[in-house]
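# A structural walkthrough
Given next are the chains, with one letter for each unit.
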Amino acid sequence: MAAQIESAASFSETSPNSEWRPGTFALQDAWFPVAHSPKVRKEPIIRFVHSRRFHIWREGSKIHAADHHPSATRTGPITHFTDGQGRYPVIERYGHVWVWYGGADRAKPEYIPDIPFLHPDRAQPSYACGVNFFHTSYELVLENILDLTHIDFVHGKYAGTSESKEDNIRYESTSETVTMIRTTRGRPTAAYQRDVLGVKEPFQDATAFTHVFIRSGVCFLHSHYSTAPSIPLMQSNTPESVALTRANYVFGVQQTDNVGYARAWPKTASIIAQQDESVLNPQSSRYVGQPPKPDLSTRFDAAGLHYRSRHRSLVERQKRGDFSYLPDIAEGSDLAEILKIKRLR
Amino acid sequence: MISNEFRHWQTVALSSEVPAGKPVPVVCGDRDFVLFRDSDGTCRALADRCAHRRARLSDGRLTAQYLVECPYHGWRYSGESGACIAIPNLRSDEKIPKNYRVQAFETLERDGFIQILLGAGNGAAAPRRLDLPDMGREWQGEQYFAYPEELFMPTLVDCPSSLLALSGIEILDDHPFGNPTVNGDEIAIEYAAVKKRRTRRPPKHVPQDYAYTLQISASRFTARAALYANGDTQLQAAALIIAVPSGQRLTRVMWRGSGRADAETQITIECRNQVNPVPIRASNTFVSRTWAGTLTPLAGEAASGG
């Protein structure tokens, strides 16, 4: 990957003028996986992206997304987000329905990432899918996801605690994505791995990858443990409003041969989401709608701080009317390479 | 709202609300504090907002070294100075900068309440006296009201029965004993009170002699209520009531009380579970308007006296 690869200074203080104000700008021109495919049927369902309403339904083999109910007479203003008749660009792929939020004439299917652990034309089994909601802006959810040191405290039972012999964070980025790579050595085996997976070794080495798409909020997570299996995760993190993030999730359960684990691990998603919600919900009102204030950081926050910087660059470009994708888009979309996992074929 | 302009002591909690070994959140106005006890039991107060990612420290835990640990990433803070003492997984050559800290507040624990020193500047600030007479029987409590804090004390002086519950005693809001007296930022008023009747039958005659006097004196956040028996002028029970704004929509009320242990009727003065609107509808705002300076009931007396 020819992207920027860096480690960070031990300590840093964000500038109060750095304009990190989550929930104040709606990045556009991106595909948002707003629903799992089986959820979309003949009767329309409603989804929101940045407070914009999408009615989504099926007609035979075709899928539709519009700013109005199919049985209603359209009355709202025509905008460049639709085709002139209130219809949004929509695609069904990887078991998700993706809607385009942005200039309708700029929607290109190749902007959807290449997801190696999902079948392009088939949904995952229902036990591998679900949805959680976070009562905060999606920028804070993404920062939380890029910040893998929080799992030691918030999700310690499932991911192990903080007492590693060695703990290093690196990040990579493109103009559209940020990847966090955490390498730990001599990390205590998590209670879940010990009790459910039967891992005997008290310590393990691990490399965890988190990869986020800045515009849409879609993220991918995968870990490689020296002593235990792991399953990759895709989570949508769709900004329904400045105060509510929809997290449709799906696990690549085919990546493990351990059938019991493939069935059991997805059940932890709602528990882990509740743990995240316990910190994200109170955090929300301290960022959203507040004037910028400095945050203190360590080298473990490097990826999140870099996300803030990349997010700011995109906002500045879009404020100038530049919604284009730069040539490095392909580098951030090759998830098999980024997450170091095999393709499902 | 709680002022940040001048230095003052603000009562924020009952002592009993802060047990050893556990951080406790307190919201006062639009500010969040975390309270916890040190090794010697001293109550410490810090801003309840981690300097790292603004998580609530009060959702964390107290370590064996009596440091409060953030639940999000495990940053640990000293209660005395607010300094960040430890961050997990740093190398030994990575020393935490001195500006890594949260705001720490001076605390004072007396009379069963915890006060913290707020506001800017170096001006003198005297802690509030919140003592009660020792009458051998004590109680305390706390309660949230979905009622604006700025209306709590005015309602208490206009219509005490809407907010107070006196065991076995009925407060007669429509029967004040004399005019209110205003002294600085404090107002005092007395109301008649009688024993509650056990039946719903109306009395055969209007009682001319009331058995009790309820004396209320209130300032911005603090009120004292005292119940005297009119027959022997003995104090039966007293309570100290603190009301502080908690966020934008709630008022947090704390109280401590003391009462005669030897009396035949053991009376307590406590806050109701919620505001009773019925007596408010029947009451007027004479007392609170006097307090606010929009009424001058003693003007004629003052004129004749002057």
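Residues numbered from 1 in each chain as written. Chains lettered and ligands numbered in written order. Predicted model: local features only at pLDDT ≥ 70, side-chain atom pairs only at ≥ 80, totals over all residues. Heavy atoms only, no water.

## So, the overall build of chain A
The condition that has to hold: In DSSP terms, a helix is any run of H or I states spanning at least four residues, a strand is any run of E spanning at least two, and both are numbered starting from the N terminus. Only C-alpha atoms enter the radius of gyration, while the globule expectation follows 2.2 Å times N to the 0.38, with N the number of residues. Working definition: with a 1.4 Å probe on protein chains only, accessible area under 20% of the residue-type maximum means buried, over 50% means exposed, and in between means partly exposed. Residue burial considers only the protein chains on display, and all accessible areas are found by Shrake-Rupley using a 1.4 Å probe. A residue counts as positive if it is Lys or Arg and as negative if it is Asp or Glu; His and the chain ends are not included. Taken as the charge centre is NZ of Lys, CZ of Arg, CG of Asp or CD of Glu, depending on the residue.
Counting its regular elements, chain A contains nine helices and 17 strands. In summary, chain A has a C-alpha radius of gyration of 20 Å against a globular reference of 20 Å for 345 residues, a match within 12%. By principal-axis analysis of the C-alpha atoms, chain A measures approximately 65 × 50 × 40 Å. Taking all 345 residues of chain A together, the buried fraction comes to 57%. Total accessible area on chain A is roughly 14,100 Å²; 51% of this is exposed by carbon and sulfur atoms. Averaging the locations of the 40 positively and 37 negatively charged side chains of chain A gives two centres separated by 5 Å.

## With respect to the sheet that holds strand β11 (residues 113-118) of chain B
Residue and element names in this part refer to chain B. This is how it is decided: Being paired, for any two strands, means DSSP has found at least two bridges between them. Under this scheme, a helix contributes an axis fitted over its contacting stretch, all axes are lines through C-alpha atoms, and angles between N-to-C directions fall in the 0 to 180 degree range.
One open sheet holds the three strands; their spatial order is β1-β11-β10, and the pairing between them is antiparallel. Each having just a single partner strand, β1 (8-14) and β10 (107-110) make up the two edges of the open sheet. For this sheet, the mean angle separating the axes of adjacent strands, direction not counted, is 30 degrees. Direction of pairing for β1 relative to β11: antiparallel, over a ladder of six bridges. Paired with L14 across the two strands is F113, which belongs to β11.

## Brief notes about the packing of helix α1 (residues 138-146) of chain A against helix α7 (residues 302-319) of chain A
Residues and elements named next belong to chain A. To keep it simple, the criterion reads: Put simply, a crossing is left-handed when the front helix is turned counterclockwise from the back one by less than a right angle, and right-handed when it is turned clockwise. Note on contacts: a residue pair qualifies if any of its non-hydrogen atoms lie within 4.5 Å across the two residues. Residues were grouped as follows: Ala, Val, Leu, Ile, Met, Phe, Trp, Tyr, Cys and Pro as nonpolar; Asp, Glu, Lys and Arg as charged; and all remaining residues, including Gly, as polar.
Across the interface, α1 lies against α7 with an axial gap of 8 Å and an inter-helix angle of 145 degrees. Between α1 and α7 lies a crossing whose hand is right-handed. In this structure, α1 contributes E139, L142, E143 and L146 to the contact, and α7 contributes A303, G304, Y307, R308 and H311. Per-class residue counts for the contact of α1 with α7 are four nonpolar, two polar and three charged.

## Some remarks on the layout of surface pockets
For clarity, the threshold we go by: The pocket and cavity definitions rest on a 1 Å grid over protein atoms only: a 1.4 Å probe that fits but cannot leave marks a cavity, an open set with protein on both sides within 12 Å along at least five of seven lines marks a pocket, and residues lining either have an atom within 4 Å of a point. Grid points are joined across faces, edges and corners, and a volume is the space filled by probe spheres set on the points.
Counted as a void, the largest pocket has a volume near 860 Å³. For the largest pocket, the lining is made up of 32 residues, of which A:R286, A:K293, B:D30, B:D32 and B:R49 are closest to its centre. Put simply, the parts of the chain that give the lining of the largest pocket at least two residues each are β2 (24-28) and β3 (31-37) of chain B. Looking at the lining of the largest pocket residue by residue, the classes come out as 13 nonpolar, eight polar and eleven charged.

## Comments concerning the domain arrangement of chain B
Residue and element names in this part refer to chain B. Spelled out, the test is: Residue ranges for the domains trace back to a domain assignment, done automatically or taken from a database. Buried area: the accessible surface (1.4 Å probe) lost by two parts on joining, summed over both. The salt bridge definition used is simple: a Lys or Arg side-chain nitrogen within 4 Å of an Asp or Glu carboxyl oxygen. Think of a polar contact as two N or O atoms within 3.5 Å of one another; within protein, one of them needs to be a possible hydrogen donor and the other a possible acceptor, and neighboring residues in sequence only count if both atoms come from side chains.
The domain architecture assigned to chain B consists of domain 1 (8-118) and domain 2 (136-303). The gap between the C-alpha centroids of domain 1 and domain 2 is 36 Å. On the domain 1 side of the interface with domain 2, the three residues burying the most area are L14, V27 and F113, jointly 40% of the side's total. R252 serves as the salt-bridge partner of E17, at 2.2 Å between the closest nitrogen and oxygen. In this assembly, domain 1 and domain 2 are joined by six residue pairs in polar contact (both at pLDDT 80 or more).

## Here we look at the side chain of B:S246
In this fold, B:S246 is placed in strand β19 (residues 235-246). Other than its neighbours up to four places away in sequence, B:S246 contacts B:V27, B:G29, B:Y144, B:T251 and B:R252.

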